[in-house]
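The primary structure of each chain is shown beneath.
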Amino acid sequence: MKCSLKIVLLFLMAAITASCGSYKVSRIGDIKDIDSNIKDNIRIDVSKITITEDIVIEKYKGLLREKLTAKNQRQVIKRYGDLLIDKGERLIVSDDTQSYRAGKEMISDAIDTYKIFIRKFPSDINSDYIYYQIARGYELIERPDIAYQYLTHLTNNYKESNYYQEAQFRRGEFLFVQRQFNKAGYAYQSVLGKKYEKTKLYDKTLYKYAWVNFKLDRYNVSASNFIKLLDKHYAAKQINDYEITDSADKSSTESIKDTLRATSLSFSYMGGSENIKKFTHNKEYQPLLYTSLAKLYENKKRYYDAINTYNKFIDSNKTSRHAYKFHQSIITLYKSAGIADAIIPEKIKFINNFGPGTAYQKSITKEEWDNLNKTIQANVFDLASHFHANTKGKQKAKNAQNAEKWYRYYLTYY
């Protein structure tokens, strides 16, 4: 009775410590099997007790030396390990060298404590949690190789565990860093079923599984999985057909950018923009994918590939509200590439395709036309000025006619 009363007091002390903000109790709800012979009317006055987290830890350590029932021993060992690892984790993130060392030592003690639990109670219902905590501890003290072994034991022997998904993800992360991509893929894939679709870890797992396939040159599988992530962002209204929206917070925006870049890399390794339509069918955000791939090529100074990407979209989507934007990007790319001879023909083509009186004008909204019309006006004046400035030499007569043509066009519409 005396020992059980101590345990109750310690649980109260731990709870009070948490409420004071010095320690966040984790999984306190697991502690349910206190000896049932404790009387309900016990009252303990703790109002005058100064309780700190260190005191609670020391009290639990002291209890380990006492003779306890098997039930209470389970509780004390497990709780002592939890307290050590939680405080140790907070200490090792400190910039202070002394705190880091103290935290690392505390985590090592926690690992030893959990191992005692396993030796004493190998078939305990909480064994999966204990293996999870040991693995967590080894990761914290920078021994991922040993952590991996305990995670593997957990996933092999506790497939219905609440920790199974995270354990497989962490195994995948370790194997990915070791460049064991096939094994990493199996780890990630094991937790990508419907059972896990609504979990917080699902998207991260899908993202890494896509990267594994990319590393294994399975670009079609890689692209398919990246697109699944983009589908989710589109459903959440974090992207629209052309860009990232204001609905995406900073974290989501970075995730979307990474996913778009990875998707574009997959398409580029498969041969380019012709794969976009194949993999996305009638998805609304196709223009976003074409833009992303074109920018990837542009950043690598592969200007012709970027131009071809924009042209592929225009050829298949002549009345899209983005077609003129892509054509304007083509003109800009020719300028960036220093291909001056192509700029004038592209500007003429631009006006013929999107100018006043064309079918394109009728296919877009008034607001979109107003934006486009400003660009057309500027291009018409550029053409007239260009040909006017070149009314000398062999092409004098022809250039004069072209200058007159574009001046008349300008006067007609503007």
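Residues numbered from 1 in each chain as written. Predicted model: local features only at pLDDT ≥ 70, side-chain atom pairs only at ≥ 80, totals over all residues. Heavy atoms only, no water.

## Concerning unusual backbone geometry
Backbone phi values are negative for most residues with the exception of glycine, while trans is the configuration of most peptide bonds. We note that Glu-142 has phi near 65°; this positive angle belongs to a residue other than glycine. A positive phi angle, close to 60°, is found at Lys-301, a residue other than glycine. Overall, Lys-301 belongs to the exposed group, its relative accessible area being 61%. (Buried < 20%, exposed > 50% of the residue type's maximum accessible area, 1.4 Å probe, protein only.)

## Brief notes about the pattern of salt bridges
Applying the stated criterion across every chain, the model contains 20 salt bridges. The residue Arg-170 makes a salt bridge to Glu-139 at a minimum N-O spacing of 3.1 Å. Taken together, the residues Arg-170 in helix H7 (residues 164-177) and Glu-139 in helix H5 (residues 127-140) connect sequence positions 31 residues apart. Owing to a relative accessible area of 34%, Glu-139 belongs among the partly exposed residues under this scheme. The shortest N-O distance in the salt bridge between Asp-305 and Arg-302 comes to 2.9 Å. (Salt bridge = Lys/Arg side-chain N within 4 Å of Asp/Glu carboxyl O. Helix = DSSP H or I, 4+ residues; strand = E, 2+ residues; numbered from the N terminus.)

## Observations concerning the packing of aromatic side chains
Two descriptors summarise a pair of aromatic rings, namely the distance from one centre to the other and the angle between the planes of the rings. Enumeration according to the criterion identifies 28 aromatic pairs in this entry. Relative to Phe-313, the ring of Tyr-290 lies with its centre 5.2 Å away and its plane at 65°, an arrangement referred to as edge-to-face. One end of the pair, Tyr-290, is in helix H13 (residues 286-299); the other, Phe-313, is in helix H14 (residues 303-316), and 23 residues separate them in sequence. Overall, Tyr-290 belongs to the buried group, its relative accessible area being 3%. Chaining the aromatic ring pairs together yields one cluster made of Tyr-207, Trp-211, Phe-214, Tyr-219, Phe-226 and Tyr-269. It is Lys-208 that lies over the ring of Phe-176; its NZ or CZ is 4.3 Å from the centre. (Phe/Tyr/Trp six-rings, centres within 6.5 Å; stacked < 30°, edge-to-face > 60°. Lys NZ or Arg CZ within 6 Å of the ring centre and 35° of its normal.)

## Looking at H7
Given 3.6 residues per turn, any residue in an α-helix points the same way as the ones three and four places further on. The end-to-end C-alpha distance of H7, which contains 14 residues, comes to 20 Å, matching closely the 20 Å that a straight helix rising 1.5 Å per residue would cover. Among the 14 residues in H7, eleven count as buried, and that is most of the element. Among the residues of H7, Tyr-164, Gln-165, Ala-167, Gln-168, Phe-169, Arg-170, Arg-171, Gly-172, Phe-174, Leu-175 and Phe-176 are the ones counted as buried. At its buried positions, H7 is contacted by H5, helix H6 (144-157), helix H8 (181-189) and helix H9 (202-215). Once H7 finishes, Arg-179 follows within two positions and takes phi at roughly 65°, a positive value. (Expected span 1.5 Å × (residues − 1). Contact = heavy atoms within 4.5 Å.)

## Observations concerning the nonpolar core
Among the nonpolar cores identified, the biggest contains 74 residues, and Phe-350, Ile-351, Phe-354, Leu-372, Ile-376 and Trp-406 are the most heavily contacted of them. What Phe-354 contacts, discounting residues up to four positions off in sequence, is Lys-318, Ala-323, Tyr-324, His-327, Tyr-360, Trp-369, Leu-372 and Ile-376. Grouped together as the second largest cluster of nonpolar side chains are 37 residues, Leu-84, Tyr-114, Ile-130 and Leu-151 included. (Core = buried A, V, L, I, M, F, W, Y, C linked by side-chain atoms within 4.5 Å.)

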